[in-house]
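Here are the chains, one letter per residue:
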Amino acid sequence: MQRLLKRAALAAIVTFGYDVGDGIALQAPDTLRTIEFETTEVTAPHVTVSQDGETLVFTMLGHLFRVPAEGGEAVQLTFGPYLDTEPAYSPDGRSIAFVSDRDGGEGNVFILDVATDSIWQLTREPWAGEPVWSPDGRRLAYRSFVIQAYRGRMGQYVPSVLKEITVPEGKARTVVPDTALVRAWFYMPDGRPAWAPDGMWRAPRWVTPIVTLGDDGVADTVATLDGEAADVYAPANGQRLFYHRRLIRQSFEGLSELAWISSPLDGSTERLVTFVVDGTYPGGMPPPSHTAVSPDGRSFFVGTGGRLWRLTDAVRKPIPFRARVRLMVHPSVVPPPRRVAGPAESVGPRATGTPVISPDGAIVFVRAGELWLQEDRGGAARRLTDWKWIAHSPAVGPDGQHVAYAATRSGRHELRVLDLSTGRSETVLTGDQRIGQPAWSPDGSHLVFWNPAGRGVDRLELATRDIHRLASTAERNLWRARPQYSADGEWVYYTAASSGTGSLWRVRVNDSASTEALTDLDRHLSDGQVSADGEWLVFRRGTEIWTARMKDAPITEEDVRRLTRTGGDRFSLTPDGHAVVYSIGDRVWRRSLPEGEPTEIRLDVQPGTGTPNATVLRNVRLLDLNAGAFGAPVDLLVRGGKIARLGPQRTLAPEGARIIDGGGRFAIPGLFDMHVHVSTRTTGEGLLAYGITSVREVGNAIRWLELLADRGDLTAAPEPRYFYAGGLFMGARPSPEDEEVQLHDADEAKKYVAEWKSRGAHWIKTYQLDYALDTRPWWLARAVAEEARRVRIPVAGHGMSAEEIVKHVTVGYASLEHTSSGERVYEDILGLMSAADVRWDPNLGVAGGWALLLREAPERLDAELLKAFASPSAVDAGTNALSFRPTNALRGWWLGQLASVREAYEGGVRLLAGTDGRPFGFGQQGLGGATLHWELEHFVEAGIENAEVLKIATLGAAEALGVDGDLGSLTVGKLADIVLLDADPLEDIRNTQSIWRVIKGGRLFDPEELAAEARAIRQR
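On a predicted model such as this, the values are computed, not experimentally measured, just so you know.

1. Re the environment of G353
Next, step 1: Considering the arrangement of structural elements, one finds G353 in strand β29 (residues 353-357).
Next, step 2: For the pair G353 and R570, spaced 217 residues apart in sequence, the C-alpha separation works out to 6.2 Å.
Next, step 3: When sequence neighbours within four positions are dropped, the list of residues in contact with G353 reads F365, V366 and R570.

This is the structure in structure tokens:
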């Protein structure tokens, strides 16, 4: 591969402006810039060949390029801030059909006139794609996708119909009217449209029928192909079909062969053209993303392995090219400098957790994971719990003297009851998965609660501790149930996802078979609560509070009204049911139903744990990130949580300071894990024990992240610093849980971008582009990016395919997460990321690194520190080294990923070190803080020097967050986030795991002590 130059010398022209090369302008010119660079490699191109076989058109970086079939200079054909893909040469060679989002939608079919370079739009669908020409060039067949917020579970295919349209008139008709999955479509040489439906099982293997449509509109099966067929072609000679075959020899037991097959239409023997074994083409190349067949049926043109190829009877010949790429992109938002307060500085809390009014008028609420109580007569609030466990989901009993709440620490979850008269808490239930949202029975004898471990609503008898399952939410997806009793104690209300939409249900306490849906809504209902008098339903949509009057028939959209635009993620009802109590930030409000004015409930809270004592670290060697070396032993004074002075040994000893002898150990800045999910609602000592003093949390309920961030900043808890994005931005029905932000239109997307910024989010995180998972449509990515530019907040998104990378860079995303899930990325993609100054967080561990590492060194799972903080299921998954690839295939894939990361670094792409970790989660992602150190090993394995890897995980991470003024290096004036190592990580990067002590903001933590506490808690 041609090496990209370092950023300072990158041969890329970056200019601001707007040039409409194709006559279609939809983007604001004042926010665009043009970047140019050269490349000789292409990632995952779509390829089409002219009728004479002499010219190829292929896609690269969202545009069309033309090159002679023998190779040469590639000429760019389309321009602008769009994604152009799926080209198809017309039979006469005068036109090229392609799919583009240049009309502002998901994609439509456009026609490029080869002679004039003019472009015009052919289809006008919500989403159209994959055009195929008829032999006479008068028609095009294409797939019309049905975009809808359909009610369904994850993993469904996107509904679509197969259509045909006349050219140039644009008269369309439906060829396949249902939404069955169609693998491929094409035209027979006589002009009949044909298609390959989804394969079917005919023992002992799968087969695929080929169906054609005659002039009489009658479908007819003309052939049956062996295996699952895709990319079917019928050359003009009319004698054969060519198709891409997946041959499955036993039902659902994997691929034994992946091949290109020549199948005679007369039923004679098929012929192998070229093949794929174990996921790779000959020579180790991955399978191509799109293939063209020459008109004579003798050659295949593919793009794979970063190059274009001609394949003839399994003989492969490279097609060399050189292209100067000209792209228009929106510049990404640079994170503004942000102060990080130290423990000596007075800062208020970000949020007050769910406020609850007791029958006597007192208010119970959560601050920084601690429960507080403030009497209705006023006066200062008093703390009910300490920071050692995170307390959440409070519920005041009917007597006003007991508070049920959930508590979590070190992967252990408890349901507790606090006696306000004695101040003592009693644990009534424990578990390894989060238990939450308790509610009292009217007589105070029972609690109902949400139990994700059993995916249901459970009822606990307090006297006997017996548990009875009331309702299962498994068949309706896992939703935050938030159960509650009816005033008469006969029913329990709860929320569950019904066919992908959150609904309010009820179940009779003494008859668990009596479930009944009380709502039939088009959009989500979350956290549904019914007033004590049974008059009102109050629920959440996103962070909005909505209400409806209860009635005998199910409540529909026509019945609901919005009460507030925010505060919905932390609300409760007063005991009499006449008002809603909710918090916005750290302030609490009360609003009477149905449409009263909000009045503030003022809280008087004096949190804080004081400033840590001054500390002198003696005899430590500090890592100089600029020099890439450790200095001579020095003393370091920490005062007020910051590095106050550096000096020669035994010269710093202010009166009253604690003296710690570092014994000549190696001091590095606190590490950053730049891709973490803390969705299991647990504490962060497992991260801190591994020297991770800061994390970039890339997607979870913002109400929970505010609590964790306050806990890390305002208490002495062993928590890292949390720099968070808030809930993931997804489509209307994105997942089996409702922690994400479900969005229906661009206005909603913009609303939540602005709200997340106002709530302290450091950036916005969108999920992957995948309608099949109903996660995030393309309009959402654009809307989020547009509003983020307006309010100046960065956006991060997935980069799991070449298309996703190009789309996200074009609209101005600041960072890309993960590696490509198909083939590796090459010079074109890396040049784009470098020229656009987009950061890349490849998460190499989840891309196969952990699986290989643990297969080759399973003893890593025996480390006592890891076992103390990893969930048992994570250790089991690590033992099995889960991966769908055999070791040899995985190793080949892995080497490609490492090459991408190495070449990205050499080309000036700024890397981030993140793990996609989920502390105390499931699978390998629940292996805790150890995985960040493995990620650093992966970077070194990719060819990056140890010192540079450490810089990526410290100062580079701080720069990416805009907090390098306070974090990221061991410099006087910065916060004292320090990791003390027994061995030199510049000699061996694995020495980052030889952690002796961790200091965060001047507070000292011993990893062994934290591990011992975690083990004791897990054994409770």
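2. Quick look at the environment of G397
Next, step 1: Position of G397 relative to the elements: it lies in the loop between β33 (390-396) and β34 (402-409).
Next, step 2: Taking the relative accessible area as the measure of exposure, G397 reaches 0% and is therefore buried.
Next, step 3: G397 has contacts with P359, H402 and W440, leaving out every residue within four places of it along the chain.

3. Some thoughts on helix α11 (residues 930-941)
Side chains that are three or four residues apart share a direction in an α-helix, a result of its 3.6 residues per turn.
Next, step 1: Taking 1.5 Å per residue, 12 residues should reach 16 Å; α11 reaches 17 Å between its end C-alpha atoms and fits that length.
Next, step 2: When you tally the buried positions in α11, you get 10 out of 12 residues, the bulk of the element.
Next, step 3: Considered for burial, the residues of α11 that qualify are A930, T931, L932, H933, W934, E935, L936, E937, H938 and F939.
Next, step 4: After α11 finishes, the residue G943 shows a positive phi value of roughly 110°.

4. As for the sheet that holds strand β59 (residues 692-697)
Next, step 1: Read from one edge to the other, the open sheet built from three strands follows the order β58-β59-β60, with strand pairing classed as parallel. Each of the sheet's edge strands pairs with one partner strand only, and the pair in question is β58 (671-676) and β60 (721-724). Strand after strand, the sheet turns through a mean of 20° between neighbouring axes, direction not considered.
Next, step 2: Contacting β59 and β60, helix α2 (residues 702-714) runs over the sheet at an angle of about 150° to β60.
Next, step 3: On top of the sheet, helix α12 (residues 946-961) reaches β58, β59 and β60; it is set at about 55° to β58, its chief contact.

5. Let's talk about the side chain of D966
Next, step 1: Its location among the elements puts D966 in the loop between α12 and β67 (978-981).
Next, step 2: A residue is classified by how much of its surface remains accessible, and D966, at 6% relative accessible area, is buried.
Next, step 3: Of the polar contacts made by the side chain of D966, one reaches the side chain of R339; its length is 3.2 Å.
Next, step 4: Not counting the four nearest positions on each side in its chain, D966 is found in contact with R338, R339, V340, K974 and L975.

6. Focus on the pairing of β60
Next, step 1: Taking every second residue as pointing to the same face, both faces of β60 are buried, with R721 and F723 on one and Y722 and Y724 on the other.
Next, step 2: The pairing of β59 with β60 spans four bridges and is parallel. From the neighbouring strand, V695 faces β60, where its bridge partner is Y722.

7. Concerning unusual backbone geometry
Next, step 1: Here V167 and P168 are connected by a cis peptide whose omega angle stands at 10°.
Next, step 2: The residue after L593, namely P594, is reached through a cis peptide bond having omega 5°.
Next, step 3: One can find P594 in the loop between β51 (587-592) and β52 (599-601).
Next, step 4: Phi at Q437 takes a positive value of approximately 55°, unusual for a residue other than glycine.

8. With respect to the environment of V753
Next, step 1: Position of V753 relative to the elements: it lies in helix α3 (residues 746-758).
Next, step 2: C-alpha of V753 to C-alpha of V784: the two residues are 31 residues apart in sequence and 6.6 Å apart in space.
Next, step 3: Among all residues touching V753, those that are not within four sequence positions of it are F729, I764, V784, E787, A788, V791 and I793.

9. Considerations on the nonpolar core
Next, step 1: Judged by nonpolar contacts, the single largest core of 143 residues is most densely connected at F58 and W840.
Next, step 2: At eight residues, the largest contribution of residues to this core is made by helix α4 (residues 778-791).
Next, step 3: One finds V340, A958, L961 and L967 within the second-largest nonpolar core, a separate group that totals 16 residues.

10. Observations concerning the confidence of the model for the protein chain
Next, step 1: Summary statistics for the protein chain give a mean pLDDT of 86 and a share of 87% for residues scoring 70 or more.
Next, step 2: Residue range residues 276-285 is modelled with pLDDT below 50. Its contacts to residues more than four positions away, or to other chains, number 27 contacts.

11. Points about the packing of aromatic side chains
Next, step 1: Within this structure, the stated rule accounts for nine aromatic pairs.
Next, step 2: Judged by centre distance (5.8 Å) and plane angle (20°), the ring pair of F58 and F65 falls under stacked.
Next, step 3: Here F58 falls in the buried class, since its relative accessible area comes to 0%.
Next, step 4: For F65, a relative accessible area of 0% gives the class buried.

12. Re the pattern of salt bridges
Next, step 1: Taken as a whole, this structure holds 51 salt bridges when the rule is applied.
Next, step 2: A salt bridge links E70 to K317; the shortest N-O distance between them is 3.2 Å. You can see E70 sitting in the loop between β5 (63-68) and β6 (72-76) and its partner K317 sitting in strand β27 (residues 315-319), a full 247 residues away along the chain.
Next, step 3: We note a salt bridge from K551 to D559, for which the minimum N-O separation is 2.7 Å.
Next, step 4: Salt bridges here are not isolated pairs; linked through shared partners, they connect E544, R562, D569, R570, E706, K751, E755 and R759.

13. Quick notes on the sheet that holds strand β48 (residues 561-564)
Next, step 1: What the four strands build is an open sheet, ordered β45-β46-β47-β48; its pairing is antiparallel. Each end of this open sheet is capped by a strand with a single partner; those strands are β45 (526-530) and β48. Taking each pair of neighbouring strands and ignoring which way they run, the sheet shows an average axis angle of 30°.
Next, step 2: Across three bridges, strand β47 (residues 544-549) lies against β48 in antiparallel orientation. Residue pairing in the sheet places W546 in a bridge with R562 of β48.

14. Quick notes on the packing of helix α7 (residues 845-856) against α11
Next, step 1: The geometry of α7 relative to α11 is characterised by a closest axis approach of 11 Å and an angle of 95° between their N-to-C directions. With respect to their mutual orientation, α7 and α11 come out roughly perpendicular. Note on element contacts: α11 touches α7 through T931, W934, E935, E937 and H938, opposite G845, G849, W850, L853 and L854.
Next, step 2: Class assignment of the residues belonging to the contact of α7 with α11 gives a composition of four nonpolar, four polar and two charged.

15. Points about the pairing of strand β68 (residues 995-1000)
Next, step 1: With respect to burial, β68 is a largely interior element, six of its six residues being buried.
Next, step 2: With four bridges joining them, β67 and β68 adopt antiparallel strand pairing. Looking across to β68, one finds that L981 is bridged to I995.
Next, step 3: Examined bridge by bridge, β68 and strand β69 (residues 1003-1005) share three bridges and lie antiparallel to one another. Residue I999 lies in a different strand from β69, and its bridge partner there is L1004.

What counts as what
Residues numbered from 1 in each chain as written. Predicted model: local features only at pLDDT ≥ 70, side-chain atom pairs only at ≥ 80, totals over all residues. Heavy atoms only, no water. Helix = DSSP H or I, 4+ residues; strand = E, 2+ residues; numbered from the N terminus. Contact = heavy atoms within 4.5 Å. Buried < 20%, exposed > 50% of the residue type's maximum accessible area, 1.4 Å probe, protein only. Expected span 1.5 Å × (residues − 1). Pairing = 2+ DSSP bridges. Axes fitted to C-alpha atoms, helices over the stretch in contact; angles between N-to-C directions. Polar contact = N/O pair within 3.5 Å; in protein donor to acceptor, adjacent residues only side chain to side chain. Core = buried A, V, L, I, M, F, W, Y, C linked by side-chain atoms within 4.5 Å. pLDDT = per-residue confidence, 0-100. Phe/Tyr/Trp six-rings, centres within 6.5 Å; stacked < 30°, edge-to-face > 60°. Salt bridge = Lys/Arg side-chain N within 4 Å of Asp/Glu carboxyl O. Parallel < 35°, antiparallel > 145°, perpendicular 65-115°, else oblique. Nonpolar A, V, L, I, M, F, W, Y, C, P; charged D, E, K, R; others polar.

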